[in-house]
Amino acid sequence: MANEPTMVNGRGWGDQDHVPGIKSELLELNMGPQHPATHGVLRLLLHTDGEIVYKVTPVLGYLHRCAEKIAEGVNYKQWVVYTDRFDYLAPMCCNHAYVTAVEKLMGQAVPERAEHIRVATSELSRIASHLIALATFGLDMGAWTPLLYCFREREEILNLLERISGGRMLYNYMIPGGVRYDVPNDNWVADVLDFVDLMEHNKLPEYNTLLSYNKIFIERTADVGIIDAKTALDYGCTGPVLRGSGVDFDCRRDDPYSVYHKFDWQVQIGHGEKGTVGDCWDRYIVRAREIEQSCRIIRQALQTLPDGPYQALALKAIVKVPAGAAYTRVESSKGELGHYIISDGGQTAFRNKVRSPSFCNLQVVEKVGVGQMVSDLVALVGSLDIVLGEIDR
Amino acid sequence: MQLLYDFFTGQAGMDLAGAHIAVASLMAVLMFTVMALCAIIFTWMERKVAGFMQSRYGPMYTGRWHGWAQAVADMLKILGKEDIIPGEADKGMFQFAPILVLLGSLLAWAAIPWAPDFVAADFDLGLFYIFAVSSLVVIGILMAGWSSNNKWALYGAARGAAQMVSYEIPLALAAIPVVMRTGSLNPQDIIIAQQGGIWNWNINPIMNPFLFIAFFMYFIASIAETNRGPFDMPETESELVAGYHTEYTGMRFAFFFLSEYANLFLVSMIATMLFLGGWWAPFPGMAWIPPALNFIIKGVLLVFLNMWVRWTLPRVRVDQLMFLCWKVMIPLSLLCVVGAGLWMMAWGQLK
C-alpha cells in the first residue's frame, strides 16, 4: 500500500480547509474488526472527511488459522475437513475444489454417480451461500426482513445437506475419488427437486418484489461502487464480482470440471439495468439470477442421476499421491477457488497453496472505495460478498 | 380536569394556586407513568410485529401468553446493568444527554388531548409548544454523540442533528393547513373542529385534498423525526454500529430507548389529533366508545403503520434523506399550505 496522498475531487491530504485559516485534517476511522458491516473480522482503516472516504486500507489476518501449513502435517483425506472452514458458507464447493486437485495429481477417475452428487451438493451449497449474500447485503442496506426470509430457505438447504452428509454447516463430505456417503434412500432426491422448484418459482420472485426491485434499494445500490471490467480483471476479481462487471466468464463453463458440461444453463452477467455496468445492484442481481441457474443444474443433475458406485473402490484410508504438482480451479460461490498442491510422494502434501476468491475480490475496495460515502462503502463491501475464513485461511 | 380542580379546592380545602400545583404534579406523575407503560407495550408490540412480518414468532416464553412480560423482564435486566461511562468521555454531558432526550418527548406529552376534558396542559399555543419542546431531542442526541468521545457516535449524532433539524420544517409545515382550517393552535379546538364523523376529519380528501396530502407529508416527516427506518440515520445499525448511543449502557441506554417509543407514540397521537379527528369516533352511531379509547386506538394504528414501514423498507442514504427533505418535501408542503389556503378561500372554509 503506497503512502501517496489520495486525491478526491481535486483535494487530498492536508488540503481539507473548509474554513480559511482553520486547519482541518482527515478523520482516521477504524471500521472493524468488530463492526456489523464488515461481515466477519475484517478491519478497514478509513480516512474520511465527513461522510466522504479518502482512503481505504483493508487490514487482514484476524482469522488466520495456518490451514495451509496444517496441510503439510495431515494426510490428504484428513485435510478435507479444513477446506470446510475456508468458505464456511459454501463448504461443498471448497471440498470440491480440493478433491479435484488431489484427483488430478493421482490421476484418479471418479464414478459418474459421485460426480452428479458432487455437482448437486455444490450447487445447493452455492444457493445457500448466495442466499446469505443477498440477505446480508439487504441488511447492510437496512432491510431486515429479507434476511429472515433468506435464512428460512437456507435452513431447508442445511436440512437437505445434513441428510446426505451428516453435518449441517461443515460437511467433510467429498473425498478423493468420490463422496463419503451415497444418496440416502429416504426420498432425498425428490425432496431436493421439490425444494428447487419452490426456490425458483416461489421464493426468488418473493425476494425480487421485496428487495431487488424496491425503489429505495435501487437508489442505494445502482451507480454505487462501480467496478468496471478492466479494474475487475486487473485486480483478479472472479465470480459474481467479475460477472457483475459484465465479463462473461465462469469456470464451470469455460474451464469445465466435473460434469458441468452435460447440463444446460446460462452464465449470468451484469447489464447495468438500473445504473452502470458493474455497480452494486448488478453484482447483487447476478447472484439472485445464479440461484435460478443453480436450481436448473441441480434439477438436471438429480434427474439424470446414474446408478453405480459413489466411490472409487480402489482407495484405501490413506491415499498415496505420486510426486508432482497440480493446480485445479472450480467456481465456488465467491469466485474462482484454486488449489495448487505439490507432492513429494509422501502421505502429506509438500505444499498446498489456496487461491481464494474473496482475497482477490476484497483488494478492489482500495481502489473503488475512494471518494465514496461511508454508506456506499458499506454497500460496496457487502456487494463483494467476502468471507473472512477464506481470506485469512 | 374540572373535577380534579373541584376536588382539590373543595374537599381537600386548597386555594386555587395550591390546586394548580397539586393537579400539575399529579399530571406529571401520570404522564410519566403512561409514557413508560407505552414504551414497554410498544417494545413488545414491535417485536411481535417484526416477528410476524419475518415469519417467526417473536417473544413467546416470558409470562406465558405470547411473551407479554418480555419487555418488563428486559427493563428489569437493564436496571441491573453496570453503568459504564467511557474514561475519556465528557462526564457531565454524557450523563445529562439521555435525560434531555427523554425530557424532550415527555414535555410534549403534557399538551396531548386525550379526551374532551382531559389534557394535562390545556393552552392556546399547544401545538406550537409541542413542536418547540420536541426539538430538545436534537440537542440531547448531539450531546450524547459528542460527549461519548467515539467516532461512530459522533457520526450518528451529526447525521441525527442534520436530519432532525431538517425534518422539523416539513413536519411543522404539514400542520399549518390544519391550523388554517381550525383558526387555532389549541389541540382541543383542532379536534372539536373535526366533529361529526369520518367525513369531517381533516384527512378527508373531498373536503380539502391538500390536507389529505399534508397528512402523508406529516407521516413521512414524523418517521424521520423519530429516527426510525427507513430514515434511521442516527442509529444505522449496519453502518455506525449503534450511532449516537454506541457507548451507552444500562439505564442511560434505556432512556434513549424509552424516548424513541415515547416519541413514536407522540407523533402518532399528534397525527391523530391533526388529521384523524382526535378523540371523535369515526361514525356518529359509535359515540358510546370512550373518547380516550378512540384516541389511543387511532394512535396505536399509526404506530403499527410506522412499524410496518420500518420492517419492510431498506434505509435511504444520508444525502438522499436530505434531498428528500429540502428538495421534495419542503416545496411540496409549502405548496400544500398555499393550495389549502386557496381551496378554503374558494369554498368559504377559512376561519
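For the structure given in this document, a descriptive report is provided here. Just so it is clear, the model here is predicted, and its values are computed rather than measured.

Reading the values: the criteria
Residues numbered from 1 in each chain as written. Chains lettered and ligands numbered in written order. Predicted model: local features only at pLDDT ≥ 70, side-chain atom pairs only at ≥ 80, totals over all residues. Contact = placed C-beta atoms within 7 Å. Helix = DSSP H or I, 4+ residues; strand = E, 2+ residues; numbered from the N terminus. Nonpolar A, V, L, I, M, F, W, Y, C, P; charged D, E, K, R; others polar. Pairing = 2+ DSSP bridges. Axes fitted to C-alpha atoms, helices over the stretch in contact; angles between N-to-C directions. Buried ≥ 20, exposed ≤ 12 C-beta atoms within 10 Å, placed from the backbone. Parallel < 35°, antiparallel > 145°, perpendicular 65-115°, else oblique. Left-handed = near helix turned anticlockwise from the far one by under 90°. Expected span 1.5 Å × (residues − 1).

So, the interface of chain B and chain A
Contacts between chain B and chain A engage 21 residues on the former and 26 residues on the latter. Broken down by secondary-structure element, the contributors of at least two residues to the side of chain B that touches chain A are helix 10 (237-240) and helix 13 (318-347) of chain B. Of the residues in the side of chain B that touches chain A, the class split is eight nonpolar, six polar and seven charged.

Some points on the sheet that holds strand 1 (residues 27-31) of chain A
Residues and elements named next belong to chain A. Pairing is antiparallel across the open sheet formed by three strands, whose spatial order is 1-2-3. The open sheet has two edge strands, strand 1 and strand 3 (52-59), and neither has a second partner. Recorded for the sheet is a direction-independent mean angle of 25 degrees between the axes of neighbouring strands. Note that strand 2 (residues 43-49) and strand 3 share seven bridges and pair antiparallel. Paired with Leu46 across the bridge in strand 3 is Val56.

A look at the environment of Trp79(A)
Residues and elements named next belong to chain A. Here Trp79 shows up in the loop between helix 1 (67-70) and helix 2 (80-84). For Trp79, a count of 21 C-beta atoms within 10 Å translates into the label buried. Spatially, the C-alpha atom of Trp79 lies 9.2 Å from that of Asn172, the residues being 93 residues apart in sequence. Beyond its immediate stretch of four places on either side in the chain, Trp79 contacts Ala71 and Val74.

A short note on unusual backbone geometry
Its identity as a non-glycine residue notwithstanding, Asp223(A) has a phi of 60 degrees, on the positive side. Secondary-structure assignment places Asp223(A) in the loop between helix 7 (215-221) and helix 8 (229-234). Classification of Asp223(A) as partly exposed rests on a count of 16 C-beta atoms within 10 Å. The backbone of Asn227(B) sits at a positive phi, close to 60 degrees, despite the residue not being glycine. Checked against the element boundaries, Asn227(B) lands in the loop between helix 9 (209-225) and helix 10. Accessibility expressed as a C-beta count within 10 Å gives 27 for Asn227(B), which makes it buried.

Considering the packing of helix 4 (residues 112-140) of chain A against helix 11 (residues 280-303) of chain A
Residues and elements named next belong to chain A. Contact geometry for helix 4 and helix 11: axes closest at 9 Å, N-to-C directions at 160 degrees. Relative to helix 11, the element helix 4 lies roughly antiparallel. Crossing of helix 4 over helix 11 shows left-handed handedness. Two secondary-structure elements touch here, helix 4 through His116, Val119, Ala120, Glu123, Leu124, Arg126, Ile127, His130, Ala133, Leu134 and Phe137 and helix 11 through Tyr284, Arg287, Ala288, Glu290, Ile291, Ser294, Ile297, Ile298, Ala301 and Leu302.

Section: the environment of Val300(B)
Residues and elements named next belong to chain B. On the secondary structure map, Val300 appears in helix 12 (residues 291-310). Assessed through the 18 C-beta atoms surrounding it within 10 Å, Val300 is described here as partly exposed. When the C-alpha atoms of Val300 and Cys38 are compared, they prove to be 10.0 Å apart, with 262 residues separating the residues in sequence.

Description of helix 12 of chain B
Residues and elements named next belong to chain B. Taking 1.5 Å per residue, 20 residues should reach 28 Å; helix 12 reaches 29 Å between its end C-alpha atoms and fits that length. When helix 12 is considered as a whole, its buried residues turn out to be Asn294, Phe295, Ile296, Lys298, Gly299, Leu302, Val303, Asn306, Met307 and Arg310. Tucked inside the fold, the buried residues of helix 12 contact helix 2 (16-53), strand 1 (113-115), helix 9 and helix 11 (250-275).

Spatial relationships are all this shows, so hold off on functional conclusions.
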